[in-house]
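One-letter residues, chain by chain:
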Protein chains: 2
Amino acid sequence: MSLYEKHKDTLKKAIDAVHDRSFYAQYPEHPSPKIYGETADKDGQDKFKASLDKKFEDLLQTDPEAWVGQEESPYLQKPLGILYPAFSAETLIDRSQKAWTQWRNTSIDDRAAILVESLDRFKERFFENAYATMHTTGQGYMMAFQASGPHAADRAMEAVAFGYDELKRFPEKKFWDKPMGKFNVQLNKSWKPMPKGLSMVIGCSTFPTWNSVPGLYASLITGNPCIVKPHPGAILPMAIVVAEIQKVLKENGIDPNVCQLAPDTYDKMITKDLAENKAIKLIDYTGSSAFGDYLEGLDGKIVFTEKTGVNSVILDSAENIDKVAQNLAFSVCLYSGQMCTCPQNFFIPEGGINTPDGKVSFEDFAQKLADNINGLVDNPKAGPFVLGAIQNANTLSHTEEAKKLGGKVWLESRTIENPMFDKARTATPIVVEMSASDEDKFTNELFGPVVLLIKTKDTNQSVDLASSLAENHGAISCAAYTTDETIKNLIMDKMGMAATSVSFNLTGAIHVNQNAGFSDFHVTGGNPAGNASLTNPEYVIKRFTWVGFREPAEG
Amino acid sequence: MSLYEKHKDTLKKAIDAVHDRSFYAQYPEHPSPKIYGETADKDGQDKFKASLDKKFEDLLQTDPEAWVGQEESPYLQKPLGILYPAFSAETLIDRSQKAWTQWRNTSIDDRAAILVESLDRFKERFFENAYATMHTTGQGYMMAFQASGPHAADRAMEAVAFGYDELKRFPEKKFWDKPMGKFNVQLNKSWKPMPKGLSMVIGCSTFPTWNSVPGLYASLITGNPCIVKPHPGAILPMAIVVAEIQKVLKENGIDPNVCQLAPDTYDKMITKDLAENKAIKLIDYTGSSAFGDYLEGLDGKIVFTEKTGVNSVILDSAENIDKVAQNLAFSVCLYSGQMCTCPQNFFIPEGGINTPDGKVSFEDFAQKLADNINGLVDNPKAGPFVLGAIQNANTLSHTEEAKKLGGKVWLESRTIENPMFDKARTATPIVVEMSASDEDKFTNELFGPVVLLIKTKDTNQSVDLASSLAENHGAISCAAYTTDETIKNLIMDKMGMAATSVSFNLTGAIHVNQNAGFSDFHVTGGNPAGNASLTNPEYVIKRFTWVGFREPAEG
């Protein structure tokens, strides 16, 4: 059985899922021994521990020019000591060029099969990857397992499915028969999706896998070799993924340099050397807006960015305000606000929030939110694991900045103890009150555990502020609470025009932070928070060019 | 019967056609009295004549700020004397903004129906438009009828069909049901394609309709109002189209300013005022590379360009070299080389072209081509009508430039008499011999009737030069003649990688210049000749943003 035969049903199901958009997952998100094996967790942890303080020898990239690595664990606040094989931009580009011809001439079916197989192999390392993610990003165990493992693999599968679907969207060949009156003009036509060229994926330090694999797999399925440039602070999770891809490539007789890892160090970053090279045609990037803007401005490149935005919560009315406060408290605590989808600006009318029991005042809601945050972070069985650790010390400065904004502090940020890691770098959310007139102060993202409660004249002003913020400064998510159909439509229209997706009235076990593969388009691509959307058709079709060929039909 | 009911079968057929890519046409290309009516031609001509030397009062744009018009007929070499209502960029933008809300809230079905209806109305003016096109562009009657009428309308229909298909590609609503073990998380989700904003289409002087309607209809179907900025030398053809769109909008209770004409004059162009306005989000452009590059560099815009390129002919081997010379002679004479798909650079091996009767030498082929051109242009029943007239005097200077390149002149450019218009501005093709070593001299487009015969070492060098030219300077078409399967594959691969479509071995009644709606992607978007392709999915999906909404399902 060919590799394509082995995976074609999986591929078919994934393609159906991206069109259907109801719930679908290829890789189970629950790290259960029943699913992944009784010893999977321990084995993964052991494998992670065994990789510390030595060379990472799992890649198939030969003749390293150096061995580098500066990762530090936010839980241990000490270096991981792992060294990765490093190469100059020239070497990486040169090897990528050489590998390209074979890869672009590999059939679409075979490329898809190889990529799906690589995800299945990656699945075998989900637990090892979870520990690698924890100790580079500071994510809690559950998030590290899910986001870096099954959720990332699902988003990669989604990119493969979308790519495959688009590559096969038009007929390979067609007989064209044009009646001209006395005779017909008859042509045989064919079309080929030609890959754009060399691609690179620039990773971030908080979601090294989840934010890198969609672009990586989208470029690979469309025939472009890819250089993965991880953040120097979070290399290991993607090193594992790239290693598995390289092994499957090699097993199938393909040059493993189709997918290369390009680790670097803080003091000598090679990102610009790669990005500015003429041969690089496609760039996927997650990170700061400043660097994203620089990349988007490079000539002759197609750039897919996820940059920064400021996410809003619009509070108008609710059936059960306590459930709302509880849900939002969890949203702002999850990974200490270090998610791109985490809400920051809460817009609340000065007249309060409508509920079936009457108005809940601004102050009452502020207190409820603070109480719920305290309840969560002080719960030793939940708080440390939901908060995780702060990826880097700079993020801590944002709680200080928030304090300097000058508004009433409803809740101070503080550290908490992590029962498993006594050195963990932790910070609970700070909650600061602001006025709608302070607009110049709340338009910036204060990345990390920062909540601003903004007192508005009324919900109309809340919506205006949230939508203009999204339009001018970017937004990736919006949570809105309203029981009023007119207000709901207003929010859908205004936030929709600001290209921001909206979650309404979430309570219980679903949060605005969460975007599901195969259903939610992640980032819309239509506001300054990023120009790409995972995974819509644009995300894959910009990676290749349709070229047509035609000639007279015989006879 | 609703307008949508009236047109839904037409729409369905067009959608099927863009996926099938075999021959399809909605509007018959033959200007036959049997199809269009016995008096259609005369009526159209009368209507055109009646429009001369007066105000064009057919538009529904009120309170003109000026009346302008500087069109001149290349056949009469005198002004048409038509004045169009003109407006400042501010007024146009303001009216477009106001019309947008209603248009974006018009259902996709209704938008599609209105647009198809407008094409049917335009059909009633195909003959009038043919004369308008002749006397602005210099095209011959047949081309002016076909390219500006049925072919343009077909490409507009194609854009509507693609847009409709993409807008309906994902479910409007979906129930999302995620098993969480002990319970399920259930959400109702919905998605909306939000239009990007105000759009503008910048027309050219040679194909004012054909090159403007695809972008116009693509923007309109996706919910964006559009300002049509025609070339000051070719306003009337698009004025007719815009007038018909406006009438259908008004009949359906929609603000006609959804589609506005923005005529200007050579001395006071408003293109930049419009393009640089923050409200303009989408720009479609056909014209010079310099201005196209400027537009592509504007911040915060999505720009679709068709710029200039240098098209190649690769001559390796042929079954019947006389038929090849005849076919190519017609290609270079058609509209005096003023088509973006017209070949300029003929690459011929110094050892000659292989045929079943032995080698045809470079010199013999050059003579055959010159003879065939002479035979065509000196045929009074064909020459004047195939050549048409030269749109503007500047184009004539390119034959002079070609002469200065210094190679042997195989055929001089000359004027011919047009039996219907004694003042017609005409020029036959100049044919100049060059050497492959003159690469710096033949990388520029010499727009108009210029043929360069370039002597190469062998076909490999021909292919290398043609592909590097396309990659670095752009190309929209490539004609290749070879009977060798290996050479054919080499050309497909190299020209494919340079994102240039190839027509192989065309003889008889089909020419490399011709690209058919619903089948040929026009321009690939993958080389410097332009960043867009008519009509591939990218051409429509970049005009809107998918935004998602979700909330807990009841119960």
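Thresholds applied
Residues numbered from 1 in each chain as written. Chains lettered and ligands numbered in written order. Predicted model: local features only at pLDDT ≥ 70, side-chain atom pairs only at ≥ 80, totals over all residues. Heavy atoms only, no water. Helix = DSSP H or I, 4+ residues; strand = E, 2+ residues; numbered from the N terminus. Buried < 20%, exposed > 50% of the residue type's maximum accessible area, 1.4 Å probe, protein only. Contact = heavy atoms within 4.5 Å. Lys, Arg positive; Asp, Glu negative; His and termini not counted. Charge placed at Lys NZ, Arg CZ, Asp CG, Glu CD. Domains from an automatic or database assignment. Buried area = accessible area lost by both parts, 1.4 Å probe. Salt bridge = Lys/Arg side-chain N within 4 Å of Asp/Glu carboxyl O. Polar contact = N/O pair within 3.5 Å; in protein donor to acceptor, adjacent residues only side chain to side chain. Nonpolar A, V, L, I, M, F, W, Y, C, P; charged D, E, K, R; others polar. Least-squares fit on C-alpha atoms with pLDDT ≥ 70 in both. Phe/Tyr/Trp six-rings, centres within 6.5 Å; stacked < 30°, edge-to-face > 60°. Pairing = 2+ DSSP bridges. Axes fitted to C-alpha atoms, helices over the stretch in contact; angles between N-to-C directions. Parallel < 35°, antiparallel > 145°, perpendicular 65-115°, else oblique. Left-handed = near helix turned anticlockwise from the far one by under 90°. Right-handed = clockwise from strand over helix to strand, strands pointing away. UniProt positions renumbered as here; feature names shortened; annotations may be inferred.

As recorded in an unreviewed UniProt entry, chain A goes by the name Phenylacetic acid degradation protein PaaN, listed as coming from Marivirga salinarum.

Another point: the overall build of chain A. Each helix and strand in chain A was counted, giving 19 helices and 21 strands. Along the three orthogonal principal directions, the C-alpha set of chain A runs to about 80 × 70 × 45 Å. Within chain A, buried positions represent 63% of all 555 residues. Considering only intrachain contacts with a sequence separation of at least 6, the fraction spanning at least 24 residues in chain A is 75%. When the 56 positive and 71 negative side-chain charges of chain A are each reduced to one mean point, those points stand 6 Å apart.

Residues and elements named next belong to chain A. According to the domain assignment, chain A contains domain 1 (3-307 + 533-549) and domain 2 (312-504). Its C-alpha centre places domain 1 at a distance of 33 Å from the equivalent point of domain 2. The junction of domain 1 with domain 2 conceals about 1,400 Å² of combined surface from both sides, 61% of it contributed by carbon and sulfur atoms. Considering only the side of domain 1, the residues that lose the most area to domain 2 are Tyr75, Gln77 and Met143, jointly responsible for 34% of the buried surface there. Counting the contacts that link domain 1 with domain 2 gives zero salt bridges. Where domain 1 touches domain 2, the interface holds seven residue pairs in polar contact (both at pLDDT 80 or more). At four residues, the largest contribution of residues to the side of domain 1 that touches domain 2 is made by helix 6 (residues 126-137). Split by residue class, the side of domain 1 that touches domain 2 holds six nonpolar, ten polar and two charged.

So, on to unusual backbone geometry. Peptide bonds are trans in most cases, and residues, glycine excluded, mostly fall at negative phi. The omega torsion of the bond from Leu534(A) to Thr535(A) falls at -20°, within 30 degrees of zero and hence cis. Its place among the elements puts Thr535(A) in the loop between strand 20 (502-504) and helix 19 (537-541). Backbone geometry places Tyr335(A), a non-glycine residue, at a positive phi of 50°. Looking at where Tyr335(A) falls in the secondary structure, it is placed in the loop between helix 13 (321-333) and strand 13 (345-349). Accessibility expressed as a relative area gives 0% for Tyr335(A), which makes it buried. A positive phi is found at Arg21(B), a non-glycine position, where the angle reads about 65°.

Right, let's talk about the interface of chain A and chain B for a bit. Many structure descriptions define interface size as the accessible area lost when the parts assemble. Residue-level contacts link 70 residues of chain A with 71 residues of chain B. When chain A packs against chain B, the two sides together hide about 6,000 Å² of surface, and 58% of this comes from carbon and sulfur. There are 16 salt bridges connecting chain A and chain B. The salt bridge involving Asp493(B) is made with Arg104(A); its shortest N-O contact spans 2.8 Å. It is strand 21 (residues 544-552) of chain A that contributes the most residues to the side of chain A that touches chain B, eight residues altogether.

Overlaying chain A with chain B gives an RMSD of 0.0 Å, the required rotation being 180° about an axis along which the chain moves by 0.0 Å. What the superposition gives is, in effect, a two-fold axis relating one chain to the other. Residue Glu538(A) of chain A places its C-alpha closer to the rotation axis than any other residue of that unit, at 3.3 Å. Mapped onto chain B, 100% of the interface residues of chain A again fall at the interface, so both copies present the same surface.

Let's shift gears to the packing of aromatic side chains. Scanning the model with the defined rule gives 44 aromatic pairs over all chains in all. Arranged with centres 6.1 Å apart and planes meeting at 90°, the rings of Phe126(A) and Phe145(A) form a pair that is edge-to-face. You can see Phe126(A) sitting in helix 6 and its partner Phe145(A) sitting in helix 7 (residues 141-148), a full 19 residues away along the chain. Take Phe126(A): its relative accessible area is 0%, and that puts it in the buried class. For Phe145(A), a relative accessible area of 0% corresponds to the buried category. Pairing Phe122(B) with Phe126(B) gives two aromatic rings, centres 5.0 Å apart and planes at 85°, and the pair type is edge-to-face. Pair check on accessibility: Phe122(B) and Phe126(B) agree, each one buried. Here the aromatic cluster, defined as three or more aromatic residues joined through ring pairs, consists of Tyr27(A), Tyr36(A), Phe122(A), Phe126(A), Phe127(A) and Phe145(A).

Here we come to the sheet that holds strand 9 (residues 259-261) of chain A. All names here are of chain A. The five strands are arranged 9-8-7-10-11 in an open sheet whose pairing can be described as parallel. If you trace the sheet from one side to the other, it starts and ends with strand 9 and strand 11 (302-306), each paired once. Taking each pair of neighbouring strands and ignoring which way they run, the sheet shows an average axis angle of 15°.

Moving on to the packing of helix 9 (residues 213-221) of chain B against helix 10 (residues 236-251) of chain B. Helix packing for two helices is described by the angle between their axes and how far apart those axes are. All names here are of chain B. One can describe the packing of helix 9 onto helix 10 by two numbers: an axis separation of 12 Å at closest approach and a directional angle of 20°. On the basis of the axis angle, helix 9 is roughly parallel to helix 10. Judged by the twist between their axes, the crossing of helix 9 over helix 10 is right-handed. Between helix 9 and helix 10, the contacting residues are Val213, Leu216, Tyr217 and Leu220 on the first element and Met238, Val241 and Ile245 on the second.

The next point concerns the packing of helix 5 (residues 108-123) of chain B against helix 9 of chain B. All names here are of chain B. Taken N-terminus to C-terminus, the directions of helix 5 and helix 9 make an angle of 155°; their axes are 9 Å apart at the nearest point. Here helix 5 lies roughly antiparallel to helix 9, going by the angle between them. Along the contact surface, helix 5 presents Ile108, Arg111, Ala112, Leu115, Ser118 and Leu119, while helix 9 presents Tyr217, Leu220 and Ile221. Among the residues forming the contact of helix 5 with helix 9, the class breakdown is seven nonpolar, one polar and one charged.

Here the focus is the pairing of strand 12 (residues 312-315) of chain B. Residue and element names in this part refer to chain B. Here strand 12 shows two buried faces, one formed by Ser312 and Ile314 and the other by Val313 and Leu315. The sheet contact formed by strand 12 and strand 13 (residues 345-349) spans three bridges and is parallel. Its bridge partner being in strand 13, serine 312 is matched across the sheet by asparagine 345. Running through helix 13 (residues 321-333), the crossover from strand 12 to the neighbouring parallel element strand 13 is right-handed. Summarising the sheet, strand 12 and strand 19 (residues 478-481) pair through four bridges and their orientation is parallel.

This paragraph deals with the UniProt feature "domain: Aldehyde dehydrogenase" (unreviewed entry) in chain A. Taking the UniProt record as the reference, the feature "domain: Aldehyde dehydrogenase" (unreviewed entry) is found at residues 89-486 of chain A. Taken end to end, residues 89-486 of chain A is 43% helix and 20% strand, and its two terminal C-alpha atoms sit 55 Å from one another.

The next point concerns the pattern of salt bridges. In this structure the tally under the stated criterion is 72 salt bridges over all chains. The structure contains a network of salt bridges with shared partners spanning Lys47(A), Asp58(A), Arg125(A), Glu128(A), Glu244(A) and Lys247(A).

Right, let's talk about the sheet that holds strand 6 (residues 184-195) of chain A for a bit. In spatial order, the strands read 5(A)-6(A)-21(A)-20(B)-19(B)-12(B)-13(B)-18(B)-17(B)-16(B); together these ten strands make up an open sheet with mixed pairing. Strands with a single pairing partner mark the edges of an open sheet, and in this sheet they are strand 5 (173-179) of chain A together with strand 16 (409-411) of chain B. Taking the axes of each pair of neighbouring strands and ignoring which way they run, one obtains an average angle of 25° across the sheet. Here nine bridges tie strand 6 of chain A to strand 21 of chain A, and the two strands are oriented antiparallel to one another. Each bridged residue has a counterpart across the sheet, and for Ser190(A) the counterpart in strand 21 of chain A is Phe549(A).

This next bit is on the environment of Lys12(B). All names here are of chain B. Relative to the elements of secondary structure, lysine 12 occurs in helix 1 (residues 3-20). What makes lysine 12 partly exposed here is its relative accessible area of 49%. C-alpha of lysine 12 to C-alpha of alanine 161: the two residues are 149 residues apart in sequence and 7.8 Å apart in space. At 2.8 Å, the side chain of lysine 12 and the side chain of aspartate 16 are in polar contact.

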